[in-house]
Amino acid sequence: MSEVLLHHFPSSPFAEKARLMLGLKQLAWRSVPVPRLLPKPDLMPLTGGYRRTPVMQIGADVYCDTACIARELEKRFPSPTLYPPGTRGVATMLTAWADKVLFFDAVGVVFGTHCDSVPDDFKADRIAMSDGAIDAERYKADLPFLQDQFASRLWWVEHALDGKDFVLGAAPSLADFAVYGPLWMLVNRVPEQQPLAAAPQVRAWFDRVAAIGHGRPTDMTPQDALAVAKAAEPAPVRLSNPQFAAGFAAGQAVEVMADDYGRDPVAGELVAMDSQRIVVRRTHAATGAVHVHFPRVNFRIRHA
Ligand SMILES: N[C@@H](CCC(=O)N[C@@H](CS)C(=O)NCC(=O)O)C(=O)O
């Protein structure tokens, strides 16, 4: 099997979530750097326009979004599992909450606190990427409210841990990594605010999750990652329960885009859809044919 490549940058909380998945599964993997801002010239040939971080690549298959990365890692490397018995649905739901709510609490507090030192190009990039939602100046003006919201939600996490080592029981699950990412961002970026001070169970859990580690990464250049794709063929797609959106069929020219932020459309030929994923085939001179995989939830598909 081809190696697992993760395209990421160190300070990304979503990348940290993915690095912990790789750590749980004790994988050797290749760490490919991506810039924090556009342009990302070595990533675009692989994704076709998707710019968010992280992206996982295995040969000529490219997985966008940590929801998609989690599903694929679990399929290829089932043990240790990201979903201890009976937790798959709840872990996925809690993960969606952490990705959409807790993440924006952390972004607001970090950007609001550091607004005056965030470089202008970074501020402008995030405003453009989010149609104005991720705006450091606005976060700065609203900082007390944002800190208050975070503190209230942290209490939820504290009580989710009552009597348990991990959020869903005795063993770690995807939900732990999703909740950890935003908290990790706060602990690293605003340590002077002691973001976990009021939550002793969270503090102990935080150390347990950190101890899972990142597996065994070794560096790879973006150019070598492109060469990996070029030398490979996309894996055959076999979906046990295909489920195309109304009006869509394999072989059609489509565009797929995130529905919240970083909405750059990715154009290609629709290969497959089921209730959880969309697979699109693309070709680029630098990569040859690739399959780009997206989650179905939070992504739109339209005819090209
Ligand atoms: N839902 C996405 C969110 C990813 C995300 O928001 N990543 C941030 C970095 S933590 C990002 O893409 N920032 C802009 C960029 O890297 O270009 C996922 O689960 O992967």
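This one's a predicted model, so the numbers in the text were calculated from it and none came from an experiment. (Residues numbered from 1 in each chain as written. Predicted model: local features only at pLDDT ≥ 70, side-chain atom pairs only at ≥ 80, totals over all residues. Heavy atoms only, no water.)

A.B. asks: So what's going on with the site of the ligand? Which residues, and what values?
C.D. replies: The ligand sits among 15 residues. The nearest are Lys40, Arg51, Thr53, Thr66 and Tyr261. Here Arg52 contributes a side-chain N or O atom positioned 3.5 Å from a nitrogen atom of the ligand. At 2.8 Å from a nitrogen atom of the ligand is found a side-chain nitrogen or oxygen belonging to Asp65. Considered on its own, the ligand offers 500 Å² of accessible surface; in the complex 95% of this is hidden by protein. Here the ligand occupies the largest pocket. When residues of the shell around the ligand are traced back to their parent elements, those giving at least two are α1 (13-24) and α5 (120-129). Of the residues contributing to the shell around the ligand, the split by class is six nonpolar, three polar and six charged. (Near = heavy atom within 4 Å. Polar contact = N/O pair within 3.5 Å; in protein donor to acceptor, adjacent residues only side chain to side chain. Areas by Shrake-Rupley, 256 points an atom, 1.4 Å probe, with all protein chains shown as cover. 1 Å grid on protein atoms, 1.4 Å probe; cavity = no way out; pocket = protein on both sides within 12 Å on 5 of 7 lines; lining within 4 Å. Sits in = over half its atoms within 2 Å of the grid points. Helix = DSSP H or I, 4+ residues; strand = E, 2+ residues; numbered from the N terminus. Nonpolar A, V, L, I, M, F, W, Y, C, P; charged D, E, K, R; others polar.)

A.B. asks: Got a sec to walk through the side chain of Asp105? Specific residues and values, please.
C.D. replies: You can see Asp105 is positioned in helix α4 (residues 88-114). We classify Asp105 as buried; its relative accessible area is 4%. In this structure the side chain of Asp105 is engaged in a polar contact, spanning 2.7 Å, whose partner is the side chain of Arg153. Discounting chain neighbours no more than four positions away, the residues touching Asp105 are Gln149, Phe150 and Arg153. (Buried < 20%, exposed > 50% of the residue type's maximum accessible area, 1.4 Å probe, protein only. Contact = heavy atoms within 4.5 Å.)

A.B. asks: Account for empty space enclosed by the protein, with residues named and values stated.
C.D. replies: If you walk through the whole model with that rule in mind, you get one cavity of 30 Å³ or more. Of the volumes computed, that of the largest cavity is approximately 40 Å³. Along the walls of the largest cavity sit Pro13, Phe14, Lys17, Ala98, Asp99, Phe103, Phe177, Ala178, Gly181 and Pro182, which together make up its complete lining. Mapped by element, the contributors of at least two residues to the lining of the largest cavity are α1, α4 and α8 (174-189). Top element by residues in the lining of the largest cavity is α8. It accounts for four residues. (Points joined across faces, edges and corners; volume = space filled by probe spheres on them.)

A.B. asks: Please set out the packing of aromatic side chains residue by residue, giving values where relevant.
C.D. replies: Within this structure, the stated rule accounts for 10 aromatic pairs. Judged by centre distance (5.5 Å) and plane angle (40°), the rings of Phe294 and Phe299 are tilted. Taking the relative accessible area as the measure of exposure, Phe294 reaches 0% and is therefore buried. Ring pairs connect the aromatic residues Phe14, Phe103, Phe104 and Tyr261, which therefore count as one cluster. Residue placement shows Arg52 over the ring face of Tyr261; its charged tip is 4.7 Å from the ring centre. (Phe/Tyr/Trp six-rings, centres within 6.5 Å; stacked < 30°, edge-to-face > 60°. Lys NZ or Arg CZ within 6 Å of the ring centre and 35° of its normal.)

A.B. asks: Describe the domain arrangement of the protein, and please don't skip the residues or the numbers.
C.D. replies: Split by domain assignment, the protein resolves into domain 1 (4-80 + 217-303) and domain 2 (88-210). On a C-alpha basis, the centres of domain 1 and domain 2 stand 24 Å from each other. Facing 25 residues of domain 1, the contacting portion of domain 2 comprises 23 residues. With both chains or domains summed, domain 1 and domain 2 bury close to 2000 Å², and 67% of this area falls on carbon and sulfur atoms. If you sort the residues of domain 1 by the area they bury against domain 2, Lys17, Leu20 and Tyr261 come out on top, with a joint share of 27%. The tally of links from domain 1 across to domain 2 stands at four salt bridges. Among the salt bridges present, the one from Arg263 reaches Asp131, with a minimum N-O distance of 3.4 Å. In this structure, the connection of domain 1 to domain 2 is made through seven residue pairs in polar contact (both at pLDDT 80 or more). Where the side of domain 1 that touches domain 2 is concerned, the elements lending two or more residues are α1 and α3 (66-76). (Domains from an automatic or database assignment. Buried area = accessible area lost by both parts, 1.4 Å probe. Salt bridge = Lys/Arg side-chain N within 4 Å of Asp/Glu carboxyl O.)

A.B. asks: Help me get a handle on the sheet that holds strand β8 (residues 277-284), residues and values and all.
C.D. replies: The 10 strands lie next to each other as β5-β2-β1-β3-β4-β9-β8-β7-β6-β10, forming an open sheet whose pairing is mixed. Whereas interior strands pair on both sides, the edge strands pair on one side only; in this sheet they are β5 (216-219) and β10 (299-303). On average, each strand axis in the sheet is tilted by 35° relative to the strand beside it, whichever way the strands run. Relative to strand β2 (residues 28-33), strand β1 (residues 4-8) runs parallel, the two sharing four bridges. Looking at β2, one finds that Leu6 is bridged to Ser31. (Pairing = 2+ DSSP bridges. Axes fitted to C-alpha atoms, helices over the stretch in contact; angles between N-to-C directions.)

A.B. asks: Please provide a residue-by-residue account of unusual backbone geometry, values included.
C.D. replies: The residue after Leu38, namely Pro39, is reached through a cis peptide bond having omega 0°. Tracing the sequence through the fold places Pro39 in the loop between β2 and α2 (44-47). That bond from Thr53 to Pro54 is cis: its omega, 5°, falls within 30 degrees of zero. Examined against the element boundaries, Pro54 turns out to sit in the loop between α2 and β3 (55-58). A positive phi angle is found at Gln26, which is not glycine, with a value near 55°. Backbone geometry at Gln194 places phi at a positive 45°, although glycine is not the residue there. Its place among the elements puts Gln194 in the loop between α8 and α9 (200-210).

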